[in-house]
Amino acid sequence: MDVLSSRILLRPTDLERTRAFYRDVLGLAVYREFGTEEHRGTVFFLGGGYLEVSAGSDTVPTPATQLWMQVRDLADAHKTLAERGAEILREPRREPWGLDEMWIADPDGLRICVVEVPEDHPIRYRPGT
């Protein structure tokens, strides 16, 4: 299989509220918009992939579904997200595995881990290699 592109498909309970969250609160850039009225969708840039918010659902996401988003500066992201009214589930802290993480939720309760990878973390740096 030769994968050329990928995206996460999100079917929120309130399309406009969720589009506004990812656009205005998280500040994700829009890749494209499509459709009209209740069939309107938005695809956001999400680092190396995309997040499509479209259609709708009567159910909220399960705890088994989560987003992981790496940022350059977690303290700055925390300040900005708090100012924009994001629901902060857990304040930033260094985890035992060495990543700096905080947790937020989208309007349907989808848990989003916002992560800063410290410069000396093995994900970024491997001594002797």
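It should be noted that the structure appears before, not after, this text.
None of these values were measured; they are calculated from a predicted model.

A.B. asks: Before we go on, may I ask you to explain the sheet that holds strand 1 (residues 7-10) in this structure?
C.D. replies: Judged by pairing direction, the sheet is mixed, and its four strands sit side by side in the order 1-4-3-2 without closing on themselves. Two strands in the sheet have a free side with no partner beyond their single neighbour: strand 1 and strand 2 (30-34). Within this sheet the neighbouring strands show an average axis-to-axis angle of 20 degrees, counted without direction. Here strand 3 (residues 41-46) runs beside strand 4 (residues 49-53); their pairing, made up of five bridges, is antiparallel.

A.B. asks: What should I look at first to understand the packing of aromatic side chains in this one?
C.D. replies: The geometry of two aromatic rings is summed up by the distance between their centres and the angle between their planes. Enumeration according to the criterion identifies five aromatic pairs in this entry. Aromatic pair Tyr22 and Phe44: ring centres 6.4 Å apart, planes at 40 degrees, arrangement tilted. With a gap of 22 residues between them, Tyr22 in helix 1 (residues 15-25) and Phe44 in strand 3 connect regions that are remote in the sequence. For Tyr22, a relative accessible area of 0% puts it in the buried group. Judged by centre distance (4.5 Å) and plane angle (45 degrees), the ring pair of Tyr31 and Tyr50 falls under tilted. A residue pair is termed long-range when its members are at least 10 positions apart, and Tyr31 in strand 2 and Tyr50 in strand 4 qualify at 19 residues. Here a set of aromatic residues connected by ring pairs shows up, and it is made of Phe21, Tyr22 and Phe44. One residue, Arg7, lies across the ring of Tyr50, its end atom 5.9 Å from the ring centre. One cation-aromatic arrangement involves Arg111 over Trp103; the distance from NZ or CZ to the ring centre is 4.5 Å.

Cut-offs applied
Residues numbered from 1 in each chain as written. Predicted model: local features only at pLDDT ≥ 70, side-chain atom pairs only at ≥ 80, totals over all residues. Heavy atoms only, no water. Pairing = 2+ DSSP bridges. Helix = DSSP H or I, 4+ residues; strand = E, 2+ residues; numbered from the N terminus. Axes fitted to C-alpha atoms, helices over the stretch in contact; angles between N-to-C directions. Phe/Tyr/Trp six-rings, centres within 6.5 Å; stacked < 30°, edge-to-face > 60°. Buried < 20%, exposed > 50% of the residue type's maximum accessible area, 1.4 Å probe, protein only. Lys NZ or Arg CZ within 6 Å of the ring centre and 35° of its normal.

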